[in-house]
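Structure assessment
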Amino acid sequence: MSIRGLKKKQPKTFKVKIITVDAEMEFSCEMKWKGKDLFDLVCRALGLRETWFFGLQYTMKGMCTWLKMDKKVLDQEIPKEDPISFHFLAKFYPEKVEEELLQEITQHLFFLQVKKQILDEEIYCSPEATVLLASYAVQAKYGDYDPNFHEPGFLAHDELLPKRLTAEMWEEKITAWYAEHRGIARDEAEMNYLKIAQDLEMYGVNYFPIAQNKNHTDLLLGVDAKGIHIYSINNRFSPNKSFEWSAIRNISYSEKELTIKPLDKKAEVFKFFSSQLKVNKLILQLCIGNHDLFMRRRKVDSIEIQQMKAQAREEKARKKMENQRLAREKQLREEAERAKEELERRLFQLEDEARQANEALLRSQETAELLAEKAQIAEEEAKLLAQNAAEAEQERQRLEITALKTKEEKRLMEQKMREAELIAVKLVKESDRRAKEAEHLKQDLHEAREAERKAKQKLFDITRLNYPHMVKYPHYLPTDTRDANFDKGSIKLDLKDIDLKRLSFEIERERLDYLEKSKKFEDRLKELKSEIHALKLEEKQSGLYSHWNEVLGSLDRSLGNIPLWMKTFETGDSSDINLRRPFPTYSLSPTSSWPCTNKIQHMVPVQKSSFQTNSMIANSVGTGTRKQVVKVQQHDSDVIYI
């Protein structure tokens with residue numbers, strides 16, 4: 001026999017890719033392998049012993065089909081691809097997950113598959129139940145909640161809710177539930193997730209569209225662990241009719257027709273039609289598998305199952321003890337960390353107290369040095385204070401002398417103020433006297449006017465008696481007669497002119513005297529003002545300014561009684577220039593007659609405060625100023641105002 005003949009022939013193989021919920025695996029399979037050979041290889045790779053819940057699923061022409069265990073893999077209608085893809089999924093669901101799922105890997109695979117179905121909305125779940133399930137999923141993934149590590153937004157990248165719900169809306173609620181699951185292990189959190197999910201209406205149900213006749217598809221047939229259910233097309237939650245496995249005697253199909261015969265022979269046989277023959281085969285396959293599991297649950301467990309349950313109990317007890325030990329260790333570790341933190345806090349506190357004590361010592365030393373410096377400064381300040389006290393005593397004596405001097409100056413100021421008041425009173429009296437004199441002059445002028453009028457009337461009467469025919473034409477009178485009459489009138493006019501000139505001279509002389517006295521009084525007032533101003537400056541320096549304000553106020557009140565024309569002199573009004581003008585004189589021409597024919601008004605403007613152009617005499621009592629007006633009228637057109 002040749003060496004080549006001794007070598008075994010290598011079997012032909014093909015590649016398959018197994019896709020689980022959370023992983024992918026590739027295997028090389030022999031051409032003669034059946035579906036069970038491939039399935040057992042995958043279960044061994046996963047360490048799965050509860051194989052009766054799972055199967056290998058593939059998609060062919062848009063329809064999901066399960067790989068048959070008793071036929072060769074390549075003999076079945078599988079996709080022609082390399083490698084051939086199969087999905088390792090749960091084909092049948094337990095009635096009670098807590099009792100039937102014994103292995104942790106089995107539980108984990110169911111958890112992942114049910115979670116995916118809920119997220120894909122193949123199993124409907126209310127928002128509240130979805131949030132609770134999401135909190136258990138977070139607990140299974142991240143462990144206990146830690147607020148320092150699990151900050152807001154840490155669930156943004158996790159797929160926990162269906163697309164119809166946003167994580168931002170429910171993150172706070174999920175975090176609140178998640179914080180309450182503290183201390184729950186990963187397998188326990190996954191079991192709690194499945195225990196809630198198995199109560200959902202669509203959990204573990206495979207739906208197929210059916211019809212009661214061949215033309216319409218208006219019903220859904222659901223197959224699950226408890227039996228067969230008939231649903232309306234728009235309602236997958238509440239079945240219209242249900243057949244439990246214990247009440248079904250036989251299920252058969254013929255082409256597209258499927259028949260369900262109840263155990264009760266008197267009950268009606270249910271017949272329906274599906275769209276394809278393959279659908280009927282798939283329905284029958286699922287019904288047989290679920291019925292077998294239903295009957296198996298109600299029989300005594302096999303030795304293998306009993307061993308698995310015993311191992312599961314032991315494993316749970318071991319894990320429980322391990323969890324308790326870990327919990328105690330964690331608690332001790334937390335207590336140790338708290339004690340460590342307390343010791344560190346105490347150490348930090350002691351270090352802080354030591355640092356504060358050192359700082360206090362340094363501050364005390366600095367304070368002692370500062371006190372020594374302050375003591376030295378205090379001695380120097382005491383010397384300066386003694387020196388300042390001596391200077392203050394000298395200043396006090398100087399102020400006493402200044403106060404005595406100020407009292408003397410105050411007395412002098414009061415005396416000058418009284419003198420000013422006396423001068424003001426004298427001026428008022430002088431003003432009254434001038435007013436009376438003006439009144440007398442007015443009377444004299446009135447008498448002179450009256451005498452003039454009488455002389456004119458008399459002259460006119462004489463002319464009318466002696467020359468009656470010449471009254472209207474006086475220029476035809478004889479020259480001697482006119483001269484005689486003119487001489488008589490001239491005598492009268494000369495006498496009257498002499499009186500007027502004398503009166504004018506007296507008025508001018510009195511005016512000049514009055515101006516001279518007013519100027520003297522004005523100079524005296526200016527002198528008093530300058531003295532008062534100098535005293536004000538001294539009083540500001542000596543702190544008695546308020547007292548002199550009262551003195552000046554009283555002086556102003558005293559000066560308030562001075563006549564208005566005196567204030568005019570004091571303010572320098574330009575109207576006093578009129579008083580300095582000479583009194584107007586009249587030149588009587590020998591050729592002119594009295595009254596004058598040039599119609600010129602001779603006016604003598606005087607102080608506004610003393611005389612006004614009016615024929616009335618007004619006395620201003622409120623201000624103490626008397627206004628007098630004298631109107632001297634030589635003729636209707638000749639007026640002299642004084």
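Only a predicted model underlies this, so the values are computations on that prediction, with no experimental measurement involved.

Cut-offs applied
- Residues numbered from 1 in each chain as written.
- Predicted model: local features only at pLDDT ≥ 70, side-chain atom pairs only at ≥ 80, totals over all residues.
- Heavy atoms only, no water.
- Helix = DSSP H or I, 4+ residues; strand = E, 2+ residues; numbered from the N terminus.
- Buried < 20%, exposed > 50% of the residue type's maximum accessible area, 1.4 Å probe, protein only.
- Contact = heavy atoms within 4.5 Å.
- Salt bridge = Lys/Arg side-chain N within 4 Å of Asp/Glu carboxyl O.
- Phe/Tyr/Trp six-rings, centres within 6.5 Å; stacked < 30°, edge-to-face > 60°.
- Core = buried A, V, L, I, M, F, W, Y, C linked by side-chain atoms within 4.5 Å.
- Pairing = 2+ DSSP bridges.
- Axes fitted to C-alpha atoms, helices over the stretch in contact; angles between N-to-C directions.
- Expected span 1.5 Å × (residues − 1).
- pLDDT = per-residue confidence, 0-100.

Here the focus is the overall build of the protein chain. The secondary structure content of the protein chain amounts to 13 helices and 16 strands. The buried share of the protein chain, reckoned over its 642 residues, is 34%. Of the contacts formed within the protein chain by residues at least 6 apart in sequence, a portion of 60% connects residues at least 24 apart.

Turning to the pattern of salt bridges, a few remarks are in order. Applying the stated criterion to the full structure yields 35 salt bridges. Between D120 and K116 there is a salt bridge, with the nearest N and O atoms lying 2.8 Å from each other. The class of K116 is partly exposed, set by a relative accessible area of 48%. A salt bridge links K319 to D187; the nearest nitrogen and oxygen atoms lie 3.9 Å apart. A residue pair is termed long-range when its members are at least 10 positions apart, and K319 in helix α9 (residues 303-466) and D187 in helix α7 (residues 186-197) qualify at 132 residues. Note on K319: relative accessible area 19%, which makes it buried. The exposure class of D187 is partly exposed, given its relative accessible area of 22%. The network of salt bridges with shared partners includes E104, R186, D187, E190 and K319.

Applying the stated rule across the entire model yields 16 aromatic pairs. Arranged with centres 5.8 Å apart and planes meeting at 45°, the rings of F243 and F270 form a pair that is tilted. One end of the pair, F243, is in strand β9 (residues 241-244); the other, F270, is in strand β12 (residues 270-273), and 27 residues separate them in sequence. With a relative accessible area of 8%, F243 lands in the buried category.

Bringing the nonpolar core into the picture now. Counting 90 residues, the largest nonpolar core has F86 and F88 as the members making the most contacts within it. Apart from the residues lying within four places of it in its own chain, the contact partners of F88 are I18, I19, T20, F39, V42, C43, L46, L48, F54, G55, L56 and L109.

Let us now look at the side chain of E100. As for its position among the elements, E100 is in helix α3 (residues 97-100). A relative accessible area of 16% places E100 in the buried class.

Once that is clear, we can look at the sheet that holds strand β6 (residues 206-210). What the 4 strands build is an open sheet, ordered β6-β7-β8-β9; its pairing is antiparallel. A strand with exactly one partner marks an edge of an open sheet, and here the two such strands are β6 and β9. Averaged over all pairs of adjacent strands, the angle between strand axes in this sheet comes to 20°, irrespective of strand direction. Judged from the 5 bridges that link them, strand β7 (residues 219-223) and strand β8 (residues 227-232) form a sheet pairing that is antiparallel. Bridging across to β8, L220 finds its partner in Y231. The sheet contacts of helix α8 (residues 277-297) involve β6, β7 and β8, and relative to β6 the element is tilted by about 145°.

Across the sheet, which stays open at both edges, the 3 strands sit in the order β10-β11-β12 with antiparallel pairing between neighbours. Each edge of the open sheet carries a strand with a single partner, namely β10 (248-254) and β12. Between one strand axis and the next, the sheet turns by 15° as a mean value, whatever way the strands run. Looking at chain direction, β10 and strand β11 (residues 257-262) are connected through 6 bridges and run antiparallel. Across the sheet, I248 pairs through a bridge with P262, a residue of β11. Here α8 sits on the sheet and contacts β10, β11 and β12; the angle it forms with β10, its principal contact strand, is near 160°.

Let us look at α7. In an α-helix, one turn spans 3.6 residues; hence positions three or four apart end up facing the same way. Counted at 1.5 Å a residue, the expected span for α7 with its 12 residues is 16 Å, and the 17 Å between its end C-alpha atoms agrees. Here α7 has its buried residues at A189, E190, M191, N192, Y193, L194 and A197. On its buried side, α7 packs onto α3, α4 (104-119) and α5 (127-142).

Our focus in this paragraph is unusual backbone geometry. Cis geometry marks the peptide bond from D82 to P83; its omega dihedral reads -5°. Positionally, P83 belongs in the loop between β4 (63-66) and β5 (84-90). Positive phi, close to 55°, is recorded for K61, a residue that is not glycine. Inspection of the secondary structure assignment puts K61 in the loop between β3 (54-60) and β4.

The next point concerns the confidence of the model for the protein chain. Per-residue confidence for the protein chain averages 77 on the pLDDT scale, and 76% of its residues sit at or above 70. Here strand β13 (residues 618-620) stands out as the least confident element of the protein chain, with mean pLDDT 36; β5 is the most confident, with 94. Throughout residues 470-493 the model reports pLDDT below 50, and contacts reaching past four residues in sequence, or to other chains, amount to 15 contacts. Residue range residues 561-642 is modelled with pLDDT below 50. Its contacts to residues more than four positions away, or to other chains, number 161 contacts.

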